[in-house]
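# Working through the structure, step by step
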Amino acid sequence: MAGRLQDKVAVVTGGCSGIGLATVRRFAEEGAKVVIADLNDELGAQLAEELGGTYVHCNVASKEDVDNLFKVAHDTYGRIDIAFNNAGISPPEDDSILETDLEAWDKVQLVNLTSVYLCCKAVLPYMLEQKSGSIINTASFVAVMGAATSQISYSASKGGVLSMTRELGVQFAREGVRVNALCPGPVNTPLLKELFAKDAERAARRLVHVPMGRFGEPEEMANAVLFLASDESSFMTANTFLVDGGISGAYVTPL
Ligand code: NAD
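Residues numbered from 1 in each chain as written. Predicted model: local features only at pLDDT ≥ 70, side-chain atom pairs only at ≥ 80, totals over all residues. Heavy atoms only, no water.

In the nomenclature of an unreviewed UniProt entry, the protein is known as 3-oxoacyl-(Acyl-carrier-protein) reductase of Phycicoccus elongatus Lp2. Taken verbatim from the UniProt record of the protein, the Sequence similarities (unreviewed entry) comment is "Belongs to the short-chain dehydrogenases/reductases (SDR) family." (UniProt positions renumbered as here; feature names shortened; annotations may be inferred.)

Below, the structure written as structure tokens:
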């Protein structure tokens, strides 16, 4: 039986861990040819071999690396149907605005926001030429909600990803290219574990606001990305796709 992404070519940044890794696996299961971009060369090469895809070393904050990534994908497979621009960081030095210095601010903006600009800019010419394509940019629920437990540059970067996505979705809607934002709630990945591993109280402080009473799993994000990537979401663009266990709809959570 043909998969939901049979023979489509998909580029996934940050494909070696967490949400990106689960998505790469899900895409491959559904018949896509996957191009994995990351900094983790050992794991990336292993994954590419396991899934019959391609690994490209790519720092998403570098224009040269990003341009090369999409060129390799296009040169290898002749087209690019899906770009999941997902790589992102959440370092501890990004905190309250009162503590966060310019260096920490800039680092997060580069990896989380400038990277999405670079990836969209690099992939759009290929998709416009084909007159088809689905771009999914990973924002976050913090792009639509404020937190008193702030990571100021992270939240601002994700707000930027969300507005850029909306604008691109509108601009290219009549040219066959869809652009949507995935807004995950808190998800059980190394990124989140790093933040809360040493501090159960910090985790609990957040968990109480999730109506479902648990963090999401990477596979639950991968299913949502699969939907946005596939033709099943053909009338969706410029969308804020919240997959968050109800957090953005909650006022008071169940006891
Ligand atoms: P993760 O840390 O598990 O994986 C991120 C991957 O990106 C890693 O493989 C890492 O090597 C790669 N990466 C980091 N910097 C890179 C760079 N400069 N160039 C290329 N690759 C780089 O993270 P995750 O939790 O899966 O997060 C994925 C995305 O989802 C991020 O954009 C994150 O902000 C977003 N997000 C995560 C959560 C969550 O709770 N985990 C919630 C909302 C949004």
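## Describing the environment of G18
Turning to its location among the elements, G18 is positioned in helix α1 (residues 18–29). In this structure the C-alpha to C-alpha distance between G18 and I136, which are 118 residues apart in sequence, comes to 16 Å. Residues in contact with G18, not counting those within four places in the same chain, are T189, P190 and P218. (Helix = DSSP H or I, 4+ residues; strand = E, 2+ residues; numbered from the N terminus. Contact = heavy atoms within 4.5 Å.)

## Brief notes about the sheet that holds strand β3 (residues 54–57)
Within the open sheet, the seven strands sit side by side as β3-β2-β1-β4-β5-β6-β7. Their pairing is parallel. Edge positions in the sheet fall to β3 and β7 (240–243), since each of these pairs with one other strand and no more. If you compare each strand with its neighbour and ignore which way they point, the axes differ by 20° on average. As paired strands, strand β1 (residues 9–13) and strand β2 (residues 33–38) are joined by five bridges and run parallel to one another. (Pairing = 2+ DSSP bridges. Axes fitted to C-alpha atoms, helices over the stretch in contact; angles between N-to-C directions.)

## Digging into the site of the ligand
Neighbouring the ligand are 28 residues, the closest being S17, D38, Y154, V187 and T189. Between an oxygen atom of the ligand and a side-chain N or O atom of S17, the distance comes to 2.7 Å. Taking T189, its side chain carries an N or O atom lying 2.4 Å from an oxygen atom of the ligand. For the ligand, whose accessible area on its own is 830 Å², the fraction buried by protein is 91%. Residue assignment for the shell around the ligand shows that the elements contributing at least two residues are α1, α5 (152–171) and α6 (190–196). Ranked by residue count, the leading element in the shell around the ligand is α6, at three residues. Among the residues making up the shell around the ligand, the classes are represented as 16 nonpolar, 10 polar and two charged. (Near = heavy atom within 4 Å. Polar contact = N/O pair within 3.5 Å; in protein donor to acceptor, adjacent residues only side chain to side chain. Areas by Shrake-Rupley, 256 points an atom, 1.4 Å probe, with all protein chains shown as cover. Nonpolar A, V, L, I, M, F, W, Y, C, P; charged D, E, K, R; others polar.)

## So, the packing of helix α4 (residues 102–130) against α5
With their axes 8 Å apart at the nearest point, α4 and α5 run at an angle of 15° to one another. Judged by the inter-axis angle, α4 sits roughly parallel to α5. Here the hand of the crossing between α4 and α5 comes out right-handed. When α4 is examined against α5, the residues A104, W105, V108, Q109, N112, L113, V116, Y117, C120 and L124 are found in contact with a partner set consisting of I152, S153, Y154, A156, S157, K158, G160, V161, M164 and L168. For the contact of α4 with α5, the per-class residue count stands at 14 nonpolar, five polar and one charged. (Parallel < 35°, antiparallel > 145°, perpendicular 65-115°, else oblique. Left-handed = near helix turned anticlockwise from the far one by under 90°.)

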